[in-house]
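Overview (structure and organization)
The lines below spell out each chain.
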Amino acid sequence: MPKQRILSGVQPTGNLHIGNYLGAIRNWVENQVNYENFFCVVDLHALTAPHNPNELAEHTRRTAALYIACGIDPQQSTIFVQSHISAHAELTWLLNCITPLNWLERMIQFKEKAIKQGENVNAGLLDYPVLMASDILLYQADLVPVGEDQKQHLELTRDIVVRFNDQFGSDRDVPILKLPEPLIRKEGARVMSLTDGTSKMSKSDPSEMSRIHLLDDADTIAKKIKRCKTDTIRELEFDNPDRPECHNLLSLYAILSGKTKEAVQAECADMRGWGDFKPLLAETVINSLQPIQTKYYEVVNEKGYLDRVLKAGREKAGAIAFETLKQVKSALGFLLP
Ligand code: TYM
């Protein structure tokens, strides 16, 4: 049996945080040997919010280096940059023309980001999920491992596939585009902000204190956890809807320490509240990120290594992407060169 194919990606906007790691990258790493993997740095998506041209290339490299630092093995998995393969933009245009506008207007993330970005909403922000669908469909991915916030975009991707195959491939035995399945793990799928347990940890939150970056040093991590929002209740517990921060911090500890919820609950029962818990959480986060940081600096300091990985990734991914694009164009009736 050939392995099922995985595709996923992260936007190179700002610094990757533990939400990106626990919701997405860690799961890519854990399942890596079981699948045929494609991981892309989605730099075209980064233009949907105001961006700094002086930082884009550097953030793109940093994101790719972090994939490797987190445990993605370039021998096992194809790592590439979205904008290096023009088929992504081209398929987006083709799929735009079969995607009803009101499907895009319904997207929760569009509505939320449009409010946040105020005057600065470009057409790309609305179109963002079609570009994401193109990323997935070009590689005929079976599975897409993401955090909870991307679920609706995957549903849209599936709707686009069904519509496209119905309209342009109903006479074929094998569908032109493969219907992908989301892969969303329960644990870590929605890591919340350190300053507000009711909102998601996010790269675009103006407050640095709201998130822990994968490259934060030990002092910064300790400071962020020391100052993070908690409450005045001494007992520590999971699942109390009135205490979202408490649930979030205990969950972070459980995932990173590899302990079950029950074990964490039992451990916390002996504590004297946040004063005991926060240093323990800080130490656990620091110890979990330390090997990632060591590997990251090895990767970026090895001259030419990352460029070689991205070049090989571009060649391998490009061959598959352009083949799918050709099939799509042929189904749409284009005169092929
Ligand atoms: P992005 O860059 O916002 O996030 C990258 C991945 O991290 C997950 N994530 C989280 N998981 C748990 N808790 C959080 N607080 C948290 N914040 C982010 C996201 O769910 C995502 O899996 N549109 C996507 C990138 C993308 C993509 C794709 C993903 C573009 N094309 C194709 C999969 C397949 C995005 O902006 O993710």
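First, a word on scope: everything that follows refers to the structure included in this document. Sequence positions are assigned chain by chain, starting from 1 and proceeding in written order. Local features in a predicted model are, by the rule used here, given only for residues with pLDDT of at least 70; side-chain atom pairs are given and counted only at 80 or more, and totals for whole chains, interfaces and linings are based on all residues. Side-chain measures here rest on the full set of heavy atoms in the structure, leaving out hydrogens and waters.

**So, the overall build of the protein**
Going along the chain from the N terminus, every DSSP run of H or I of four or more residues is numbered as a helix, and every run of E of two or more is numbered as a strand. In terms of regular secondary structure, the protein is built from twelve helices and five strands. Only C-alpha atoms enter the radius of gyration; for comparison, a globular chain is expected to reach 2.2 Å times N to the power 0.38, where N is the number of residues. A globule of 337 residues ought to have a C-alpha radius of gyration of about 20 Å, and the protein, at 21 Å, matches this closely. Considering only C-alpha atoms, the protein reaches an extent of 70 × 45 × 45 Å along its principal axes. We call two residues in contact when some of their heavy atoms are within 4.5 Å. When contacts within the protein are restricted to residue pairs at least 6 apart in sequence, long-range pairs at least 24 apart make up 75% of them. In these tables, accessible area is a Shrake-Rupley quantity obtained with a 1.4 Å probe, and a residue counts as shielded only by the protein chains included in the view. Total accessible area on the protein stands at roughly 16,300 Å², and carbon and sulfur atoms take up 52% of it. Here the protein carries 39 positive and 44 negative side-chain charges, and the mean point of each set is 2 Å from the other. Think of it this way: Lys and Arg go in the positive column, Asp and Glu in the negative one, and His and the chain ends go nowhere. Charged side chains are reduced to one point each, which is NZ for Lys, CZ for Arg, CG for Asp and CD for Glu.

**As for the site of the ligand**
The environment of the ligand is formed by 28 residues, the closest being Tyr128, Asp135, Asp149, Val191 and Lys203. Contacts to the ligand include aspartate 135, whose side-chain N or O atom sits 2.6 Å from a nitrogen atom. Aspartate 149 places a polar side-chain atom, nitrogen or oxygen, 2.4 Å from an oxygen atom of the ligand. With the chains in place, 97% of the 700 Å² that the ligand exposes on its own is no longer accessible. In terms of residue class, the shell around the ligand is built from twelve nonpolar, eleven polar and five charged. Any residue with a non-hydrogen atom lying within 4 Å of a molecule or strand is treated as near it. Any N or O atom pair separated by 3.5 Å or less is treated as a polar contact, with the protein-specific requirement of one donor-capable and one acceptor-capable atom, and with residues adjacent in sequence counted only for side-chain atom pairs. For this scheme, ten residues count as nonpolar: Ala, Val, Leu, Ile, Met, Phe, Trp, Tyr, Cys and Pro. Four count as charged, namely Asp, Glu, Lys and Arg, and the remainder, Gly too, count as polar.

**Some points on the nonpolar core**
To define a nonpolar core, start from buried Ala, Val, Leu, Ile, Met, Phe, Trp, Tyr and Cys residues and group those joined through side-chain atoms within 4.5 Å. Only protein chains enter the accessibility calculation, which uses a 1.4 Å probe; a residue is then buried when its area is under 20% of its type maximum, exposed when over 50%, and partly exposed in between. Ranked by internal contacts, the top residues of the largest apolar core, which has 56 residues, are Tyr67 and Phe277. In this structure tyrosine 67 touches Gly9, Val10, Ile25, Trp28, Phe39, Cys40, Val41, Ile72 and Ile79, once residues within four positions along its chain are discounted. Residues Leu125, Leu126, Leu154 and Ala331 belong to the second largest nonpolar core, which totals 41 residues.

**Some words on the pattern of salt bridges**
We count a salt bridge whenever a side-chain nitrogen from Lys or Arg sits within 4 Å of a carboxyl oxygen from Asp or Glu. Scanning the model with the defined rule gives 21 salt bridges in all. For aspartate 239, the salt bridge goes to lysine 261, with nearest N and O atoms at 2.6 Å. One end of the pair, aspartate 239, is in the loop between α8 (218-227) and α9 (244-257); the other, lysine 261, is in helix α10 (residues 261-269), and 22 residues separate them in sequence. A salt bridge links lysine 326 to glutamate 323; its shortest N-O distance comes to 3.9 Å. Note that lysine 326 and glutamate 323 are positioned in helix α12 (residues 305-332) at a spacing of three residues, about one turn of the helix. Judged by its relative accessible area of 37%, glutamate 323 is partly exposed. Look at the salt bridges and you will find they share partners, linking Arg26, Glu30, Arg185 and Glu187 into a network.

**Brief notes about the layout of surface pockets**
The distinction between a cavity and a pocket rests on a 1 Å grid over the protein atoms alone: a 1.4 Å probe fits inside a cavity but cannot get out, while a pocket stays open yet meets protein on both sides within 12 Å along at least five of seven lines, and a residue with an atom within 4 Å of a point counts as lining. Grid points are joined across faces, edges and corners, and a volume is the space filled by probe spheres set on the points. Volume-wise, the second largest pocket comes out at about 550 Å³. Forming the boundary of the second largest pocket are 23 residues, of which Lys186, Glu187, Gly188, His247 and Ser251 lie nearest the centre. The element that contributes the greatest number of residues to the lining of the second largest pocket is α9, accounting for seven residues. Residues belonging to the lining of the second largest pocket are distributed by class as follows: eight nonpolar, eight polar and seven charged.

**Description of the pairing of strand β3 (residues 77-81)**
Most of β3 sits out of view: five of its five residues are buried. Side chains Ser77, Ile79 and Val81 of β3 all project onto a buried face; the interleaved residues Thr78 and Phe80 project onto the opposite face, where all are buried too. Relative to β3, strand β2 (residues 36-41) runs parallel, the two being bridged by five bridges. Paired with cysteine 40 across the strands is phenylalanine 80, a residue of β3. We call two strands paired when DSSP finds no fewer than two bridges between them.

**Description of the state of the cysteines**
Two cysteine sulfur atoms make up a disulfide if the distance between them is within 2.5 Å. Per the stated rule, a full pass over the model turns up zero disulfides. Of all cysteine sulfurs, the one in cysteine 246 lies closest to cysteine 228, which takes part in no disulfide; the gap is 10 Å.

**Quick word on the pairing of β2**
In terms of residue burial, β2 counts as a mostly covered element, since five of its six residues are buried. Sheet analysis places strand β1 (residues 5-10) next to β2, joined by six bridges and oriented parallel. If you follow isoleucine 6 over to β2, its bridge partner there is asparagine 37. Handedness of a crossover is defined as follows: orient the strands so they point away from the viewer, and if the path from the first strand over the helix to the second runs clockwise, the crossover is right-handed. In the classification by handedness, the crossover that spans β1, the intervening helix α1 (residues 18-31) and the parallel β2 is right-handed. Note that the unit made of β2, helix α2 (residues 53-70) and β3 has a crossover that is right-handed.

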